[in-house]
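Okay, here's what each chain looks like letter by letter:
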Amino acid sequence: MNNYTIDITPKKHLLDINFKEIWLYRDLLYMFIKRSIITVYKQTILGPIWFIVQPLMTTAMYVLVFGQIAKISTDGLPQVLFYLSGIVIWNYFSESFNQTAHTFTTNAQIFGKVYFPRLIIPLAEITSGLIKFFIQFSFFIIIYLYFIFSGNTIIQPNWTLALVPVYIVLMAGIGLAAGLIFSSLTTKYRDLNHLLTFGIQLLMYATPVIYPVSTIPEKYKIFIQANPLTPILEGFKYAFLGAGHFSWDALAYSGGFMVILLFFGIIIFHQTERNFIDTV
Amino acid sequence: MSQPIIKIENLSKLYRLGEVGTGTLSHDLNRWWKTKILRKEDPYSKIGTVNDRTQIAQKGEHVWALRDINLELQAGDVLGIIGKNGAGKSTLLKLLSQVTSPSTGRIRARGRMASLLEVGTGFHPEMTGRENIYMNGTIMGMRKAEITSKLDEIVDFSGVAKYLDTPVKRYSSGMTVRLGFAIAAHLEPEILVVDEVLAVGDAEFQKKAIGKMQDVSKSYGRTVLFVSHNMAAVKSLCKSGMVLINGSKGFEGNITEAIDFYQNNNALATNENNHWEFGNAAENDNIRVDSIKINPLNGTTLDISSGVQITIDFFNKIKDITEDLTFEIVSKDDVLVFHHGFVFAKDQNSKLGKHKITAIIPAHLLNANMYSMNLLFGQSQRYVLFKQDHICAFEIENIPMENNMSILPGVVRPAITYALECHG
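Okay, so let's go over this structure.

Calculation notes
Residues numbered from 1 in each chain as written. Chains lettered and ligands numbered in written order. Predicted model: local features only at pLDDT ≥ 70, side-chain atom pairs only at ≥ 80, totals over all residues. Heavy atoms only, no water. Helix = DSSP H or I, 4+ residues; strand = E, 2+ residues; numbered from the N terminus. Rg over C-alpha atoms; globule rule 2.2 N^0.38 Å. Buried < 20%, exposed > 50% of the residue type's maximum accessible area, 1.4 Å probe, protein only. Contact = heavy atoms within 4.5 Å. Areas by Shrake-Rupley, 256 points an atom, 1.4 Å probe, with all protein chains shown as cover. Lys, Arg positive; Asp, Glu negative; His and termini not counted. Charge placed at Lys NZ, Arg CZ, Asp CG, Glu CD. Buried area = accessible area lost by both parts, 1.4 Å probe. Salt bridge = Lys/Arg side-chain N within 4 Å of Asp/Glu carboxyl O. Polar contact = N/O pair within 3.5 Å; in protein donor to acceptor, adjacent residues only side chain to side chain. Nonpolar A, V, L, I, M, F, W, Y, C, P; charged D, E, K, R; others polar. Pairing = 2+ DSSP bridges. Axes fitted to C-alpha atoms, helices over the stretch in contact; angles between N-to-C directions. Core = buried A, V, L, I, M, F, W, Y, C linked by side-chain atoms within 4.5 Å. Parallel < 35°, antiparallel > 145°, perpendicular 65-115°, else oblique. Left-handed = near helix turned anticlockwise from the far one by under 90°. Expected span 1.5 Å × (residues − 1). 1 Å grid on protein atoms, 1.4 Å probe; cavity = no way out; pocket = protein on both sides within 12 Å on 5 of 7 lines; lining within 4 Å. Points joined across faces, edges and corners; volume = space filled by probe spheres on them.

### Examining the overall build of chain A
Right, so step 1: Within chain A, the regular secondary structure consists of 13 helices and one strand.
Right, so step 2: In chain A, the order of α-helices and β-strands from amino to carboxyl end is β-α-α-α-α-α-α-α-α-α-α-α-α-α.
Right, so step 3: Taking 2.2 N^0.38 as the reference for a compact globule, 280 residues should give roughly 19 Å; the C-alpha atoms of chain A span a radius of gyration of 21 Å, in line with that estimate.
Right, so step 4: Among the 280 residues that make up chain A, the fraction classed as buried is 51%.
Right, so step 5: Put simply, 81% of the contacts in chain A that link residues at least 6 apart link residues at least 24 apart.
Right, so step 6: Of the roughly 13400 Å² of accessible surface on chain A, 69% is carried by carbon and sulfur atoms.
Right, so step 7: Within chain A, the 13 negative side-chain charges are centred at a point lying 6 Å from the centre of the 17 positive side-chain charges.

### Structural notes on the interface of chain B and chain A
Right, so step 1: Taken together, the 47 residues of chain B in the interface contact 40 residues of chain A.
Right, so step 2: Both faces combined, the contact of chain B with chain A buries some 4000 Å², and carbon together with sulfur accounts for 55% of it.
Right, so step 3: Between chain B and chain A we count two salt bridges in total.
Right, so step 4: A salt bridge links Arg143(B) to Asp27(A), with the nearest nitrogen and oxygen atoms 2.9 Å apart.
Right, so step 5: Summed over the shared surface of chain B and chain A, the result is five residue pairs in polar contact (both at pLDDT 80 or more).
Right, so step 6: Among the secondary structure elements, those contributing two or more residues to the side of chain B that touches chain A are strand 1 (6-16), helix 1 (24-37), helix 2 (89-96), strand 5 (104-109), strand 6 (113-116) and helix 3 (129-139) of chain B.
Right, so step 7: If you tally residues by element for the side of chain B that touches chain A, the top one is strand 5 of chain B, at six residues.
Right, so step 8: Broken down by class, the residue content of the side of chain B that touches chain A amounts to 16 nonpolar, 17 polar and 14 charged.

### A closer look at the sheet that holds strand 11 (residues 275-277) of chain B
Residues and elements named next belong to chain B.
Right, so step 1: With antiparallel pairing, the four strands of this open sheet are ordered in space as 11-12-13-16. With one partner strand each, in any of the chains shown, strand 11 and strand 16 (353-361) form the two edges of the open sheet. Direction aside, neighbouring strands of the sheet carry axes that sit 15° apart on average.
Right, so step 2: In terms of strand pairing, strand 11 meets strand 12 (residues 287-296) through three bridges, oriented antiparallel.

### Remarks on the nonpolar core
Right, so step 1: In terms of nonpolar packing, the biggest core is built from 129 residues, with Phe32(A), Phe116(A), Ile133(B), Phe181(B) and Phe226(B) touching the most fellow members.
Right, so step 2: With residues up to four places along the chain from it excluded, the contact list for Ile133(B) reads Ile147(B), Leu151(B), Ile154(B), Val155(B), Leu164(B), Leu179(B) and Ile183(B).

### A look at the packing of helix 4 (residues 79-101) of chain A against helix 9 (residues 192-205) of chain A
Residue and element names in this part refer to chain A.
Right, so step 1: Running from N to C, helix 4 and helix 9 cross one another at 160°; their axes reach a closest spacing of 11 Å. For the element pair helix 4 / helix 9, the angle class is roughly antiparallel. Note on packing geometry: the crossing formed by helix 4 with helix 9 is right-handed. Contacts between helix 4 and helix 9 involve Trp90, Phe93, Ser94, Phe97, Asn98 and Ala101 from the former and Leu196, Ile200, Leu203 and Met204 from the latter.

### Points about the pairing of strand 7 (residues 191-194) of chain B
The two faces of the sheet receive side chains in turn, since in a regular strand these alternate between them.
All names here are of chain B.
Right, so step 1: In strand 7, alternate side chains face the same way, and those of Ile191 and Val193 on one face and Leu192 and Val194 on the other are all buried.
Right, so step 2: Bridging between strand 6 and strand 7 involves four bridges; their strand directions are parallel. Bridge pairing links Leu116 to Val194 in strand 7.
Right, so step 3: As defined by bridge partners, strand 7 adjoins strand 8 (residues 223-227) across four bridges and the pair is classed as parallel. Considered in strand 8, the bridge of Ile191 is made with Thr223.

### What to know about the pattern of salt bridges
Right, so step 1: Inspection of the entire model under this criterion finds 15 salt bridges over all chains.
Right, so step 2: Look at the salt bridges and you will find they share partners, linking Arg112(B), Glu146(B) and Lys150(B) into a network.

### Considering helix 4 of chain A
Right, so step 1: Given a rise of 1.5 Å per residue, 23 residues ought to cover 33 Å, and the 32 Å separating the end C-alpha atoms of helix 4 of chain A matches this to within 8%.
Right, so step 2: For helix 4 of chain A, the tally of buried residues reaches 18 of 23 residues, placing the bulk of the element in the interior.

### What to know about the environment of Lys94(B)
Right, so step 1: With respect to the helices and strands, the residue Lys94(B) is situated in helix 2.
Right, so step 2: What makes Lys94(B) partly exposed here is its relative accessible area of 28%.
Right, so step 3: When the C-alpha atoms of Lys94(B) and Ser217(B) are compared, they prove to be 21 Å apart, with 123 residues separating the residues in sequence.
Right, so step 4: The residues contacting Lys94(B), other than those within four sequence positions of it, are Gly112(A), Tyr15(B), Val99(B), Thr100(B) and Leu117(B).

### Observations concerning the side chain of Ser128(A)
Right, so step 1: With respect to the helices and strands, Ser128(A) occurs in helix 7 (residues 120-149).
Right, so step 2: When its relative accessible area of 9% is taken as the criterion, Ser128(A) is described as buried.

### Things to note about empty space enclosed by the protein
Residues and elements named next belong to chain B.
Right, so step 1: Taken as a whole, this structure holds four cavities of 30 Å³ or more when the rule is applied.
Right, so step 2: When its volume is computed, the largest cavity comes out at roughly 70 Å³.
Right, so step 3: Along its surface, the largest cavity is lined by Leu116, Phe181, Ala184, Ala185, Leu187, Glu188, Pro189, Leu192, Lys212, Met213, Val216 and Arg222.
Right, so step 4: Residue composition of the lining of the largest cavity, by class: nine nonpolar, no polar and three charged.

### Thoughts on the sheet that holds strand 15 (residues 336-345) of chain B
All names here are of chain B.
Right, so step 1: One open sheet holds the four strands; their spatial order is 15-14-17-18, and the pairing between them is antiparallel. The outermost strands of the open sheet, each flanked by one partner alone, are strand 15 and strand 18 (383-396). Averaged over all neighbouring strand pairs, the angle between strand axes comes to 20°, with direction disregarded.
Right, so step 2: Pairing between strand 14 (residues 323-331) and strand 17 (residues 369-379): nine bridges, direction antiparallel. Across the sheet, residue Ser331 finds its bridge partner in strand 17, namely Tyr371.

### Section: helix 3 of chain B
Right, so step 1: With respect to burial, helix 3 of chain B is a largely interior element, 10 of its 11 residues being buried.
Right, so step 2: Within helix 3 of chain B, the full set of buried residues consists of Gly129(B), Glu131(B), Asn132(B), Ile133(B), Tyr134(B), Met135(B), Asn136(B), Gly137(B), Thr138(B) and Ile139(B).
Right, so step 3: In this fold, the buried residues of helix 3 of chain B make contact with helix 2 (26-40) and helix 6 (108-111) of chain A together with helix 4 (144-158) and helix 5 (173-185) of chain B.

Quick look at the structure:
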């Protein structure tokens, strides 16, 4: 009889990731999601409405600064819709990235005391982020429908609306992968935390959130298009608003990028989780 | 004998001392280069020494927190792990709980293993007691349905039924611990790893907790590994014991023997004729202790009425200072009996060379017990020139008091004179 169920050794194979174990801990995943949702609006008056206030205020500010003062083109689309759609999908990415990037540092206390598949935490973060995203997304839909029914003819929704779930998955996947890599590196090199906040901010300007790709001068276009987030932002806006550009190649590029980044992210994360408590 | 439920082979854990900060990237690259590319030994682990926290750490030094531990446990065994602070107990528990991974060696186990390094892990102050039961339970690996079926038992055991729907931040610390332990107690794992979590909570709860653990091991045949400084708790709960000394296994066996070993070891090894020659084992830049002899003042055996004569031969390396010799007598259970000194060189007239000092502890002072001695040399009764704890140890035999053959309790056993006036 040699049926040991637990085997702890110094080194594990790079690809030895126990996905079955994550499935066994699915109730924990649920509890973490519940925890992060509940605790946000305990002892607040507005509760989940706060999720809407943020994109609302940001859109108002963008309309004022980029739309009215800087007069950046929105391809003729209503500025409110253009900015709001960009902010809503971008927020989901930056939220996923930011939350998962702090996995090890914010949960060091728990990780130091008990074992469970660590990947549960970032998975819970992106899932609870998804709930927040849907609240903001519904808000966008309401504003969107208002424009449609008030007879705006520039807006042309089209069949690529069917790809919206794909865009959401891509955003979650890239945010998760980047967050996994970041969280693994920050356990040892704390400097990266300083980079994170303004890094995400800068990345937003390198992504067509507040401007359409069509306004970029030809010689810089290649840099913006090299950004794997560009096709997602463009595709999302194209689906709802009809302006901009859609191509399968660009989408495949983003998808490929996500798969590779996620692959490395999970490997690095998995290697870090085994000993991070000694270095944190 | 059947297959062990836990099998630990050559388990070691290397830790790095000092700050982990600047320079780590260059260290990492250097190590990666040496080990992965040149296939050499890790350049930083070579300086790794035995884990002795009393020595001052070198910068960047690595230390073996745990070294070559081998252990096999059968289902139903209850093992107590004892040792001084820093002996590696918590490291062993961390490895067992998979919080961190070993540097070498292997642990294999059968069945579900739950570790209680802390009670109430994952409790969120804003969530209610009920929500936290689910949170903590799932963190420990329980399924939701499983928790629901045991909810009543858990609440009952914890005794906080009234506060179940109140946020945990309104709980007293005792209530939080009760709730946390109640959840853990209903885990029903095959192997339970428990750290000194019972130190908190009131006496009634501690009793309840120990009772629950006994229950778990006796009636369900579960395996328990228990770490504690509380010898009484260890003794009442465990059948076997393991003593860790500086990261290595010092003793393994029956719990009573293990506790004795630990307490004697705390006092260092005794010596048959109470005569220690140190060579250069007890030497520093100021002092070299050559030998210590401990003899009865009267008679041939060290007992309560014999008195103790301690003779210390040493070589003094500093001249022209005011110098003293101080010694402490510590009992087996780590109680400091006294601290006493002798200024042997007054007015800065210390001399180089050999010295012999004899100290006499009067008869009828020390009770029958095992004692160890800490030896210090000081300058001007302020600066420590030399210090060695547990430098030697000796035992005082009992002398029965009247017809009572057993050893009387207490640290000292003075000769008391009584006077009776009876007007009957």
